[in-house]
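In case you want the letters, here they are:
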Amino acid sequence: MAVFEVVERKNEVETKKILADFATLLEHYYKGEWGPAIKVAKHILSITDDGPTKVLLERSEAFVVDPPQDWNGVYVLKTK
């Protein structure tokens, strides 16, 4: 599944770095590597206020406390 986000091009070098960091965040997240995912997410959020990064950070922090059983990378919504 592909996820798309519109990004600003104010500083193209910084944008490319943030996108590379986000790809790393996704890799850790899908592998269930919560600690590294949290670290990368916090780094991204220190640079920019990114909604998808906030969501993945919140989920990763919750998974540290209550790990999902049989993690396959699919997040099941708990509320509507």
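The model shown is predicted, which means the values in this text are computed figures rather than measured ones.

Student: How do you make sense of the packing of aromatic side chains when you look at a structure like this?
Tutor: The description of an aromatic ring pair uses the distance of the two centres, along with the angle that the planes make with each other. Under the definition given, this model contains 8 aromatic pairs. Measuring from ring centre to ring centre gives 5.5 Å for Y29 and Y30, while their planes differ by 70°; the resulting arrangement is edge-to-face. Residue classification places Y29 among the buried residues on the basis of a relative accessible area of 2%. Classification of Y30 as partly exposed rests on a relative accessible area of 44%. Arranged with centres 4.7 Å apart and planes meeting at 55°, the rings of W34 and F63 form a pair that is tilted.

Student: It is not clear to me how the nonpolar core should be interpreted in this structure. Could you clarify?
Tutor: Note on soluble globular proteins: their nonpolar side chains tend to be buried together. In terms of nonpolar packing, the biggest core is built from 13 residues, with F22, L25, Y29, I44 and L56 touching the most fellow members. Residue assignment for this core shows that the elements contributing at least two residues are α1 (12–31), α2 (34–47) and α3 (51–65). Ranked by the residues each element gives to this core, the list is headed by α2, at 6 residues. Among residues more than four places away in sequence, those in contact with L56 are F22, L25, L26 and Y29.

Student: Hey, could you run me through the pattern of salt bridges in this one?
Tutor: It is possible for side chains of opposite charge to pair when their charged atoms get near one another. Tallying each qualifying case throughout the model produces 3 salt bridges. The salt bridge involving D21 is made with K17; its shortest N-O contact spans 2.8 Å. Of the two residues, D21 and K17 both sit in helix α1, 4 residues apart, roughly one turn of that helix. Here D21 falls in the buried class, since its relative accessible area comes to 9%. K17 gets classed as partly exposed once you look at its relative accessible area, which sits at 46%. The residue E27 makes a salt bridge to K31 at a minimum N-O spacing of 3.3 Å. Linking E27 with K31, this pair stays in helix α1, spanning 4 residues, or about one helical turn.

Thresholds applied
Residues numbered from 1 in each chain as written. Predicted model: local features only at pLDDT ≥ 70, side-chain atom pairs only at ≥ 80, totals over all residues. Heavy atoms only, no water. Phe/Tyr/Trp six-rings, centres within 6.5 Å; stacked < 30°, edge-to-face > 60°. Buried < 20%, exposed > 50% of the residue type's maximum accessible area, 1.4 Å probe, protein only. Core = buried A, V, L, I, M, F, W, Y, C linked by side-chain atoms within 4.5 Å. Helix = DSSP H or I, 4+ residues; strand = E, 2+ residues; numbered from the N terminus. Contact = heavy atoms within 4.5 Å. Salt bridge = Lys/Arg side-chain N within 4 Å of Asp/Glu carboxyl O.

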